[in-house]
Amino acid sequence: MSIPFILLSIFFLGFYALLAKLKKQKKTFNFRVLSALIAGLLFGGLIQAIFGVNNLATVGFTELLSIFGNGYIKLLQLIVIPLILVAMISSIMNVEGNGSLSKIAPKIIGILIATVAVSAAIGVASVYLFGIDANALVSIVGSNSAIETRGDSLLATQDALTSAGLSGLVLSIIPTNVFEMLTGSERTSTLSTVLFGMFLGYSILQIKKRKPEKVASFVAFINASKEVVLSMVREILKLTPYGVFALMTSFMMTNDLFALAEMGRFLAASYAAIGAMFLIHFTLVLVFGLSPIAFIKKTWPVLVFGFGSRSSMAAIPLNVETQTQRLGVDEETANMSATFGTSIGQNGCAGIYPAMLAVMAAQVMGIPIDLSFILQLITVIAITSFGIAGVGGGATFAAVAVLTIMGLDITIVAILVSIEALIDMARTALNISGSMLSGVVTSKANGSLDTERFNSNNLTTKDSELTV
């Protein structure tokens, strides 16, 4: 073992010990996640400043980081399909009242699609407002060997999308083999699981209306399964601060800070677009006669978790709990909006990001960006937003899908993958906000929102309990 590896490992594990101590001191979960995020960025930046990028002396330490960081990501991926399946079945089969399902699902999906279309328009505008020149970006970092490697990987994805076409992409959502779907092996597995869960839940609901005694034991099994899966999710979520520290350290170690500085304008434009979309969310809350301040205060803990974990799927339990116990949304609407929001109409990952990259790709190719181009782009984004997985990397697939359908080059995607993590944190928070917004607005429109609870300053659940 080299001396750098030993020293870096001591500092790394020492911070893990500090995180454990902070938990014993009853520091909030959000405080620990943000502390890990900032510390990881600083620690990784310091390592790069001392050793440089991809130094042989730090290879062993990079492997150690991979175990903790990628291990956390794999645990999140492990629980995604079971969580989506039981949450969707449970939310549909427990809907009370005739016609309630038809009043809830279309509104939620409609709000998600409408907001993702608006977010795409904001993404286009941000490129021009910040004067981003994609040609200059390509000329600065386009010859990097790491970028070429990423490009080769993305080309394989593009080839698969091209051969399938738009109809193939839509049809791939319908699972032909339920067991294969449950492996999560396909990009559309999450939306396929949502579709299957809805179908199964609706079938159970029909039997409950006619012969409830026939499915009583199966309903009890699904409800029990949901509780078990949620318990598993909470155990994994407890590891979030540790996973975030490893991921952020690795990110800062392995990406050239000079190259990142050249991409600073794109980073600023992305955050500006995300911030503008948040303002639109808050404005919509106001339009429906509710307090944006109350919405912000009560959704903040979940947004912070999403920012740190980069997974809107992992946030489903916190999302539902926040909607029902803090915002006064009925349980059926909360379950559906939280689940749909992980694979449909993600404002950040499926809206803003692909729109920005499409405009930049068009710049490089010399394609005129007129009103016709923009309208076509927004339409394509709205369609392809179905099935984008709510975990890290989903935005990259969304961008590749949009650029492929639009006939644009994907080189710009490979270049910007290096700063994905920095943008993805804010995008994930925006995705979660969009799903909670759809739940609140739908519940208000259907007259099922508990406005007294929404406006109450007395939270029914403590922060520490709500956020693990």
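Bear in mind that the values here come from a model prediction, so they are computed numbers and not experimental data. (Residues numbered from 1 in each chain as written. Predicted model: local features only at pLDDT ≥ 70, side-chain atom pairs only at ≥ 80, totals over all residues. Heavy atoms only, no water.)

Asks: Explain the overall build of the protein to me, using residue names and the numbers behind them.
Replies: When helices and strands are tallied, the protein shows 22 helices and zero strands. For the protein, with 468 residues in total, the buried portion stands at 53%. Expressed as a percentage of contacts within the protein between residues at least 6 apart in sequence, the contacts between residues at least 24 apart total 86%. Counting every atom, the protein has about 19500 Å² of accessible surface; 65% of that belongs to carbon and sulfur. (Helix = DSSP H or I, 4+ residues; strand = E, 2+ residues; numbered from the N terminus. Buried < 20%, exposed > 50% of the residue type's maximum accessible area, 1.4 Å probe, protein only. Contact = heavy atoms within 4.5 Å. Areas by Shrake-Rupley, 256 points an atom, 1.4 Å probe, with all protein chains shown as cover.)

Asks: Tell me what's going on with the packing of helix H14 (residues 316-325) against helix H20 (residues 420-445), and back it up with residues and numbers.
Replies: Here H14 crosses H20 at 35 degrees, and the two axes come no closer than 11 Å. In this structure, H14 meets H20 at a crossing whose hand is right-handed. Across from Asn 319, Thr 322 and Gln 323 in H14, the residues of H20 making contact are Ile 432, Ser 435, Met 436, Gly 439 and Val 440. Of the residues in the contact of H14 with H20, the class split is three nonpolar, five polar and no charged. (Axes fitted to C-alpha atoms, helices over the stretch in contact; angles between N-to-C directions. Left-handed = near helix turned anticlockwise from the far one by under 90°. Nonpolar A, V, L, I, M, F, W, Y, C, P; charged D, E, K, R; others polar.)

Asks: Got a sec to walk through the packing of aromatic side chains? Specific residues and values, please.
Replies: Enumeration according to the criterion identifies 15 aromatic pairs in this entry. Taken together through their ring pairs, the aromatic side chains of Phe 12, Phe 15, Tyr 16, Phe 43, Phe 61, Phe 68, Tyr 242 and Phe 245 make up a single cluster. Lys 27 extends its terminal NZ or CZ atom over the ring of Phe 31, reaching a point 5.7 Å from the ring centre. The ring of Tyr 353 carries the charged tip of Arg 427 above its face, separated from the ring centre by 4.3 Å. (Phe/Tyr/Trp six-rings, centres within 6.5 Å; stacked < 30°, edge-to-face > 60°. Lys NZ or Arg CZ within 6 Å of the ring centre and 35° of its normal.)

Asks: An account of helix H4 (residues 100-129) is needed here, citing residue identities and associated values.
Replies: The end-to-end C-alpha distance of H4, which contains 30 residues, comes to 44 Å, matching closely the 44 Å that a straight helix rising 1.5 Å per residue would cover. Positive phi appears at Gly 131, one or two residues downstream of H4, with a value of about 60 degrees. (Expected span 1.5 Å × (residues − 1).)

Asks: Before we move on, can you summarise the nonpolar core with the specific residues and values?
Replies: Residues Phe 61, Phe 266, Met 336, Leu 377 and Leu 403 are the most contacted members of the largest nonpolar core, which totals 130 residues. Here the element with the most residues in this core is helix H3 (residues 59-93); it accounts for 13 residues. Residues contacting Phe 61, with those up to four places away along its chain left out, are Phe 5, Leu 8, Ser 9, Phe 12, Phe 43, Ile 47, Thr 249 and Met 253. Residues Ile 89, Val 215, Val 219 and Ile 222 belong to the second largest nonpolar core, which totals seven residues. (Core = buried A, V, L, I, M, F, W, Y, C linked by side-chain atoms within 4.5 Å.)

Asks: Before we move on, can you summarise the confidence of the model for the protein with the specific residues and values?
Replies: A residue-level look at the protein finds 85% of positions with pLDDT of 70 or above and a mean pLDDT of 83. Looking at the elements of the protein, mean pLDDT is at its lowest for helix H22 (residues 463-466), recorded as 42, and at its highest for helix H12 (residues 264-287), recorded as 94. Within the model, pLDDT remains below 50 along residues 460-467, and this stretch shows 21 contacts once partners closer than five positions in the same chain are excluded. (pLDDT = per-residue confidence, 0-100.)

Asks: Outline H12, supporting the account with residue identities and numerical values.
Replies: Since the α-helix packs 3.6 residues into each turn, any two residues three or four apart lie on the same face. Taking 1.5 Å of rise per residue, 24 residues should cover 34 Å, and H12 covers 35 Å from first to last C-alpha, within 8% of that figure. Every buried residue of H12 is listed here: Phe 266, Ala 269, Ser 270, Ala 273, Ile 274, Met 277, Phe 278, His 281, Phe 282 and Val 285. Summarising the contacts, the buried residues of H12 are in contact with H4, helix H13 (292-309), helix H16 (347-365), helix H19 (411-416), H20 and helix H21 (451-455). The first or second residue beyond H12 is Gly 289, which carries a positive phi of 75 degrees.

Asks: Please provide a residue-by-residue account of the pattern of salt bridges, values included.
Replies: Applying the stated criterion across every chain yields a total of four salt bridges. A salt bridge links Glu 321 to Arg 234; the shortest N-O distance between them is 2.5 Å. Taken together, the residues span a long stretch of sequence, with Glu 321 in helix H14 and Arg 234 in helix H9 (residues 212-237) at a distance of 87 residues. Overall, the relative accessible area of 14% leaves Glu 321 in the buried class. Between Glu 235 and Lys 238 there is a salt bridge, and its shortest N-O distance comes to 3.1 Å. Because the salt bridges share partners, they merge into one network encompassing Arg 310, Asp 424 and Arg 427. (Salt bridge = Lys/Arg side-chain N within 4 Å of Asp/Glu carboxyl O.)

Asks: Any details on the side chain of Asn 335? Residues and values, ideally.
Replies: Within the element layout of this structure, Asn 335 appears in helix H15 (residues 331-340). Residue classification places Asn 335 among the buried positions, given a relative accessible area of 4%. Reaching out from Asn 335, the side chain makes a polar contact with the side chain of Lys 226 at a distance of 3.1 Å. Among the polar contacts listed, one links the side chain of Asn 335 to the backbone oxygen of Glu 331, at a separation of 2.9 Å. Beyond its immediate sequence surroundings of up to four residues, Asn 335 is in contact with Ser 91, Lys 226 and Val 320. (Polar contact = N/O pair within 3.5 Å; in protein donor to acceptor, adjacent residues only side chain to side chain.)

Asks: Explain the side chain of Ser 438 to me, and be specific about the residues and the numbers.
Replies: Residue position: Ser 438 is located in helix H20. In contact with Ser 438, not counting residues within four places along its chain, are Ile 108, Ile 111, Leu 112 and Ser 337.

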